[in-house]
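In case you want the letters, here they are:
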Amino acid sequence: MIVFEQVSKRYPGGHEALSEVSFELRHGELVVLSGHSGAGKSTLLKMIPVLERPTSGRVLINNQDVSHLPRAGIPYLRRSLGLMLQDNRLLYDRNVFDNIVLPLVIGGMAPKDAARRVHAALERVGLGGRDQEMPIGLSGGEQQRVAIARAIVKRPSILIADEPTAHLDAAYAHEIAELFQSFKSVGVTVIVCTHDPALFAETRPRRLVLRQGHLIEGAE
Ligand SMILES: Nc1ncnc2c1ncn2[C@@H]1O[C@H](COP(=O)(O)OP(=O)(O)OP(=O)(O)O)[C@@H](O)[C@H]1O
């Protein structure tokens, strides 16, 4: 379902951020991506929603080569992806409901259906009934749950999260890790990038480890 075939990425003027990375992820797999700072983790994740394209090699999502996807096809691809990337912050001048409903409104869903989906997503992350609160009044862990609800509200088949437990204390980080592990049982393919892979160890996820742009563990 997600295939990287000898993917390399060289940023303009920079060194190679990814070097011939190849792996294959199956439907419903939970994958934990780790590696030192600058190893290429974010670059790898960004290839999936085509926020970056490979310099060489191919990325296939559900048999479609997205590395050469025309710009017009990108919004359609992203509809099937749940994204929690480092710069996707919550909107602090909007309440929890508005933050989560946004991707559905953009997708043109009827308000009544969208509201039902938002409430279901909030229940899923343990924040049922908190939809009218403002993000600033929530704890760091709760805010992260709102971000997860926003990522899953479209019912994506693939969920990608870049450091979802960063800046959380140990108890909150553990709760968030448990939540990600629970998505496995509903058939969502989850790729989590983390500095702390031990947090996700409970369900023995597949591990991918990058070192200086090379995949040193988890290719198969
Ligand atoms: N837009 C860019 N332009 C130029 N170089 C970049 C760009 N983005 C990343 N890089 C470089 O590519 C390499 C890999 O960066 P990347 O952000 O993918 O690593 P990372 O493993 O996610 O790091 P961190 O854990 O610190 O977030 C680094 O040397 C980084 O400086």
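Only a predicted model underlies this, so the values are computations on that prediction, with no experimental measurement involved.

A. How the structure looks around the pairing of strand β10 (residues 214-217). Pairing between strand β9 (residues 206-211) and β10: three bridges, direction antiparallel. Residue pairing for β10: Val209 is matched across the bridge by Glu217. Between β9 and the antiparallel strand that follows it, β10, lie two residues; Gln212 among them carries a positive phi value of about 45 degrees.

B. The nonpolar core, seen in detail. Among the nonpolar cores identified, the biggest contains 37 residues, and Ile100, Val118, Ile148, Leu159, Phe180, Phe183 and Val190 are the most heavily contacted of them. At the level of secondary structure, the elements contributing two or more residues to this core comprise β3 (30-35), α3 (96-106), α4 (111-124), α5 (140-152), β7 (158-162), α6 (170-183) and β8 (189-193). With sequence-adjacent residues up to four places away left out, Val190 is seen in contact with Glu29, Leu30, Val31, Leu159, Phe180 and Phe183. Judged by nonpolar contacts, the second largest core, of 30 residues, contains Val21, Leu25, Ala39 and Ile160.

C. Highlighting the side chain of Arg150. Locating Arg150 in the fold gives a position in helix α5. Filtering out sequence-adjacent residues up to four positions away, Arg150 remains in contact with Asn88, Arg89, Leu90, Asn99, Ile100 and Pro103.

D. Fine view of the site of the ligand. Near the ligand, the surroundings consist of Tyr11, His15, Ala17, His36, Ser37, Gly38, Ala39, Gly40, Lys41, Ser42, Thr43 and His195. The contact in question runs from a nitrogen atom of the ligand to an N or O atom on the side chain of Tyr11, over 3.5 Å. One of the backbone nitrogen or oxygen atoms of Ala39 is found 3.1 Å away from an oxygen atom of the ligand. Contact with the protein chains covers 63% of the free accessible surface of the ligand, which is 640 Å². Here the shell around the ligand gets three residues from one element, more than from any other, and that element is helix α1 (residues 41-47).

E. Structural view of the sheet that holds strand β5 (residues 64-65). On the basis of which strands lie adjacent, the open sheet formed by four strands has the order β2-β1-β4-β5 and antiparallel pairing. The open sheet has two edge strands, β2 (16-25) and β5, and neither has a second partner. Of the pairings in the sheet, the one linking strand β4 (residues 56-61) to β5 comprises two bridges and is antiparallel in character. In the sheet register, Leu60 faces β5, and the bridge partner there is Asp65.

F. Examining the packing of α5 against α6 more closely. Between α5 and α6, the shortest axis-to-axis distance is 10 Å and the interhelical angle comes to 20 degrees. With respect to α6, the axis of α5 lies roughly parallel. By crossing handedness, the relation of α5 to α6 is classed as right-handed. Along its contact with α5, which presents Gly141, Gln144, Arg145, Ile148 and Ile152, the element α6 presents Tyr172, Glu175, Ile176, Leu179, Phe180 and Phe183. Here the residues of the contact of α5 with α6 are counted per class, giving seven nonpolar, two polar and two charged.

G. Molecular detail of α6. The terminal C-alpha atoms of α6, which comprises 14 residues, lie 21 Å apart, in line with the 20 Å expected from a rise of 1.5 Å per residue. Turning to α6, its buried residues are Ala173, Ile176, Ala177, Leu179, Phe180, Gln181 and Phe183. On the buried face of α6, the contacting elements are β3, β6 (81-84), α4, α5, β7 and β8.

H. Fine view of the environment of Met134. Residue position: Met134 is located in the loop between α4 and α5. Classification of Met134 as partly exposed rests on a relative accessible area of 35%. For the pair Met134 and Leu91, spaced 43 residues apart in the sequence, the C-alpha separation amounts to 9.3 Å.

I. Looking closely at the packing of α3 against α4. Where α3 meets α4, the closest approach of the two axes is 9 Å, and the angle between their N-to-C directions is 120 degrees. On the basis of their axis angle, the class for α3 and α4 is oblique. Handedness of the α3/α4 crossing: right-handed. Residues Val96, Phe97, Ile100, Val101 and Leu104 of α3 form the contact with α4, whose participating residues are Ala114, Ala115, Arg117, Val118, His119 and Leu122.

J. Structural context of the UniProt feature "domain: ABC transporter" (unreviewed entry) in the chain. As recorded in UniProt, the sites labelled "domain: ABC transporter" (unreviewed entry) are residues 2-220. Secondary structure within residues 2-220 divides into 30% helix and 26% strand; the distance between the first and last C-alpha atoms comes to 13 Å.

The rules behind each value
- Residues numbered from 1 in each chain as written.
- Predicted model: local features only at pLDDT ≥ 70, side-chain atom pairs only at ≥ 80, totals over all residues.
- Heavy atoms only, no water.
- Pairing = 2+ DSSP bridges.
- Helix = DSSP H or I, 4+ residues; strand = E, 2+ residues; numbered from the N terminus.
- Core = buried A, V, L, I, M, F, W, Y, C linked by side-chain atoms within 4.5 Å.
- Buried < 20%, exposed > 50% of the residue type's maximum accessible area, 1.4 Å probe, protein only.
- Contact = heavy atoms within 4.5 Å.
- Near = heavy atom within 4 Å.
- Polar contact = N/O pair within 3.5 Å; in protein donor to acceptor, adjacent residues only side chain to side chain.
- Areas by Shrake-Rupley, 256 points an atom, 1.4 Å probe, with all protein chains shown as cover.
- Axes fitted to C-alpha atoms, helices over the stretch in contact; angles between N-to-C directions.
- Parallel < 35°, antiparallel > 145°, perpendicular 65-115°, else oblique.
- Left-handed = near helix turned anticlockwise from the far one by under 90°.
- Nonpolar A, V, L, I, M, F, W, Y, C, P; charged D, E, K, R; others polar.
- Expected span 1.5 Å × (residues − 1).
- UniProt positions renumbered as here; feature names shortened; annotations may be inferred.

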